Amino acid sequence: MQESLLHRRIDLHTHSNCSDGMLTPTELLTKAKEQEVELFSLTDHDTLTGLEEAAIAAKALGIMLVPGVELSVQWAGIPLHMVVLGFDQSNDVLASIVESNQKTRLERAKRIAQLLVKQGLPDLYEKAVIEAGPSQIGRPHFARVMVREGLVKDDNKAFDQYLGNKRLGKLRDVWPNLEDIVPDLAVTGCDLVMAHPKRYPLTLTKLKRLMTHFSQLGGNAMEVSSGNENPQSVRMLETIARDLGLGVSAGSDFHGPYGPWCQVGKFTPIQEASLNPIWHKWL
Ligand code: AMP
Ligand code: MN
Ligand code: MN
Ligand code: MN
């Protein structure tokens, strides 16, 4: 491998305020520039809205932009995230999945509000919709309203007590099944990356089964490093990717200026030389 490819700064997983991030796409790209990121992807949840602004900012700042989106999906009733990278604007298969997921988000928000009422909270639907504004509505918007209303201390508590997958059990199966979208997307030639695999409630055996299945369906990569994941987990994910012949991706999953590790362009280093990073083709 060329030595020059090893030290390029990349970030292939970030969020703007078009979904649940805090910064505009332009502010995000500006942060990327400060961090000397050379190759960047905006991967908002279930929306492509920020990509145009991101492209303009990236061009002005001299950063290479890879079009991206983080799709909400499910496998065996477990909600998962899949990062799609490197598609072109005419990708109708992707556009229709995104459109469908956006409808699901709105319907799901109503159901989240109803479930919260059952847990003893006031009806927060209208406030969450206002909080989201033009952004794709999600649980973080409910969390922010709950903090502002003094119902919980912080976002983490909101997820722990009310919004986590266990608490909203009935809402787990709203997303498209992997089987229904991965093969169709794979033939369009974009990169399909299983996002942050360590964050799912899966044993190692089940995680390997998921990744084998994902690969058989046409998924081609795994995000082996995401934000401040611990190095042991990253080594474990690298091994799975190597064993299955999957490409690897990495990114900060930056949502806003919180902790020191949640910086644009920062993630636990990976053993890049012995892996097949999907970003090499763009550098
Ligand atoms: P949703 O897209 O509505 O399913 O919400 C998922 C998003 O909530 C994730 O992408 C994170 O940004 C955020 N999130 C998940 N867990 C937590 C948590 N414990 N504390 C704060 N934010 C969280
Ligand atoms: Mn998010
Ligand atoms: Mn995610
Ligand atoms: Mn993300």
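Quantities reported herein were computed from a predicted structural model and do not represent experimental measurements. (Residues numbered from 1 in each chain as written. Chains lettered and ligands numbered in written order. Predicted model: local features only at pLDDT ≥ 70, side-chain atom pairs only at ≥ 80, totals over all residues. Heavy atoms only, no water.)

Here we take up the coordination of the manganese ion (ligand 2). At the metal site, the manganese ion (ligand 2) is ligated by Asp20 (OD), His45 (NE2) and His255 (NE2), and these contacts range over 2.1 to 2.2 Å. Ordering the donors of the manganese ion (ligand 2) by residue number gives the pattern D-x24-H-x209-H. A distance of 5.5 Å spans the gap from the manganese ion (ligand 2) to the manganese ion (ligand 3). Taken together, the residues Asp20 in the loop between β1 (10-11) and α1 (25-34) and His45 in the loop between β2 (39-40) and α2 (51-61) connect sequence positions 25 residues apart. The two residues Asp20 and His45 agree in class, both being buried. (Donors = N, O, S within 2.8 Å, 3.2 Å for Na, K, Ca; no water. Helix = DSSP H or I, 4+ residues; strand = E, 2+ residues; numbered from the N terminus. Buried < 20%, exposed > 50% of the residue type's maximum accessible area, 1.4 Å probe, protein only.)

Attention now moves to the coordination of the manganese ion (ligand 3). Those donors, Glu70 (OE), His81 (ND1) and His196 (NE2), are the protein atoms that reach the manganese ion (ligand 3), and they lie 2.1 to 2.2 Å from it. Read from N- to C-terminus, the donor residues coordinating the manganese ion (ligand 3) fall into the pattern E-x10-H-x114-H. Judged by relative accessible area, Glu70 falls into the buried class, the value being 1%.

Right, let's get into the environment of Gln74. Mapped onto the elements of the fold, Gln74 is located in strand β4 (residues 68-75). As a C-alpha pair, Gln74 and Asp173 span 99 residues in sequence and 6.8 Å in three-dimensional space. Ignoring sequence-local partners within four residues, the contact set of Gln74 consists of Pro79, Leu80, Arg172, Asp173, Val174, Trp175, Pro176, Asn177 and Leu178. Here Asp173 takes part through its backbone oxygen, which lies 3.3 Å from a polar atom of the side chain of Gln74. (Contact = heavy atoms within 4.5 Å. Polar contact = N/O pair within 3.5 Å; in protein donor to acceptor, adjacent residues only side chain to side chain.)

By the criterion of burial, β4 is predominantly enclosed, with eight of the eight residues buried. Side-chain alternation along β4 places Gly68, Glu70, Ser72 and Gln74 on one buried face and Val69, Leu71, Val73 and Trp75 on a second face that is also buried. Where β4 and strand β5 (residues 78-85) come together, eight bridges link them in antiparallel fashion. Along β5, the bridge assignment pairs Val69 with Val84. (Pairing = 2+ DSSP bridges.)

With that settled, the discussion passes to the packing of aromatic side chains. For the coordinates displayed, the defined rule picks out zero aromatic pairs. The ring of Trp282 is capped by Lys281, whose NZ or CZ atom sits 4.4 Å from the centre of that ring. (Phe/Tyr/Trp six-rings, centres within 6.5 Å; stacked < 30°, edge-to-face > 60°. Lys NZ or Arg CZ within 6 Å of the ring centre and 35° of its normal.)

Along the chain, the position of Gln136 falls in the loop between α4 (125-132) and α5 (139-148). Leaving out residues up to four positions away in the same chain, Gln136 has contacts with Cys18, Ser19, His45, Asp46, Thr47, Gln102, Arg105 and His141.

This next bit is on the domain arrangement of the protein. Accessible area lost when the parts come together is the quantity often used to give the size of an interface. The domain boundaries assigned to the protein delineate domain 1 (10-93 + 194-281) and domain 2 (99-171). Distance between the C-alpha centres of domain 1 and domain 2: 24 Å. Between domain 1 and domain 2, the residue contacts involve 12 residues of the former and nine residues of the latter. Summing the contributions of domain 1 and of domain 2, the shared interface buries around 800 Å²; its carbon and sulfur component is 38%. Between domain 1 and domain 2 we count one salt bridge in total. Class assignment of the residues belonging to the side of domain 1 that touches domain 2 gives a composition of four nonpolar, six polar and two charged. (Domains from an automatic or database assignment. Buried area = accessible area lost by both parts, 1.4 Å probe. Salt bridge = Lys/Arg side-chain N within 4 Å of Asp/Glu carboxyl O. Nonpolar A, V, L, I, M, F, W, Y, C, P; charged D, E, K, R; others polar.)

A word on the pattern of salt bridges. The final tally for this structure, using the stated rule, is nine salt bridges. Of the charged contacts, one joins Lys127 and Glu149 as a salt bridge, the two residues approaching to 3.4 Å between their closest N and O atoms. In this pair, Lys127 is assigned in helix α4 and Glu149 in the loop between α5 and α6 (155-163), connecting sequence segments 22 residues apart. The partner of Asp253 in a salt bridge is Arg199, and the shortest N-O contact between them spans 2.7 Å. Taken as a pair, Asp253 in the segment after β8 (247-251) and Arg199 in the loop between β6 (191-194) and α8 (204-217) lie far apart in primary sequence, 54 residues in all. Residues participating in the shared-partner salt-bridge network are Glu131, Arg144 and Arg148.

With that settled, the discussion passes to the packing of α1 against α2. Contact geometry for α1 and α2: axes closest at 8 Å, N-to-C directions at 30 degrees. On the basis of the axis angle, α1 is roughly parallel to α2. The handedness of the crossing between α1 and α2 comes out as right-handed. Counting all contacts with α1, which are made through Pro25, Thr26, Leu29, Thr30 and Lys33, the residues of α2 involved are Glu53, Ala54, Ala57, Ala58 and Leu61. (Axes fitted to C-alpha atoms, helices over the stretch in contact; angles between N-to-C directions. Parallel < 35°, antiparallel > 145°, perpendicular 65-115°, else oblique. Left-handed = near helix turned anticlockwise from the far one by under 90°.)

Turning our attention to the site of ligand 1. If you check the shell around ligand 1, you find Asp20, His45, Arg105, Arg108, Gly138, Arg139, Pro140, Asn156, Phe159 and His255 and nothing else. Separating an oxygen atom of ligand 1 from a side-chain N or O atom of Asp20 is a distance of 3.1 Å. Between ligand 1 and Arg108 there is a distance of 2.7 Å, counted from an oxygen atom to a side-chain nitrogen or oxygen. Its free accessible area being 500 Å², ligand 1 has 75% of it covered by the protein chains. Because more than half of its atoms lie within 2 Å of the grid, ligand 1 is assigned to the largest pocket. Those elements that provide at least two residues to the shell around ligand 1 are α3 (92-118), α5 and α6. Looking at the shell around ligand 1, its residues break down into two nonpolar, four polar and four charged. Two domains each donate at least three residues to the shell around ligand 1, and these are domain 1 (10-93 + 194-281) and domain 2 (99-171). (Near = heavy atom within 4 Å. Areas by Shrake-Rupley, 256 points an atom, 1.4 Å probe, with all protein chains shown as cover. 1 Å grid on protein atoms, 1.4 Å probe; cavity = no way out; pocket = protein on both sides within 12 Å on 5 of 7 lines; lining within 4 Å. Sits in = over half its atoms within 2 Å of the grid points.)

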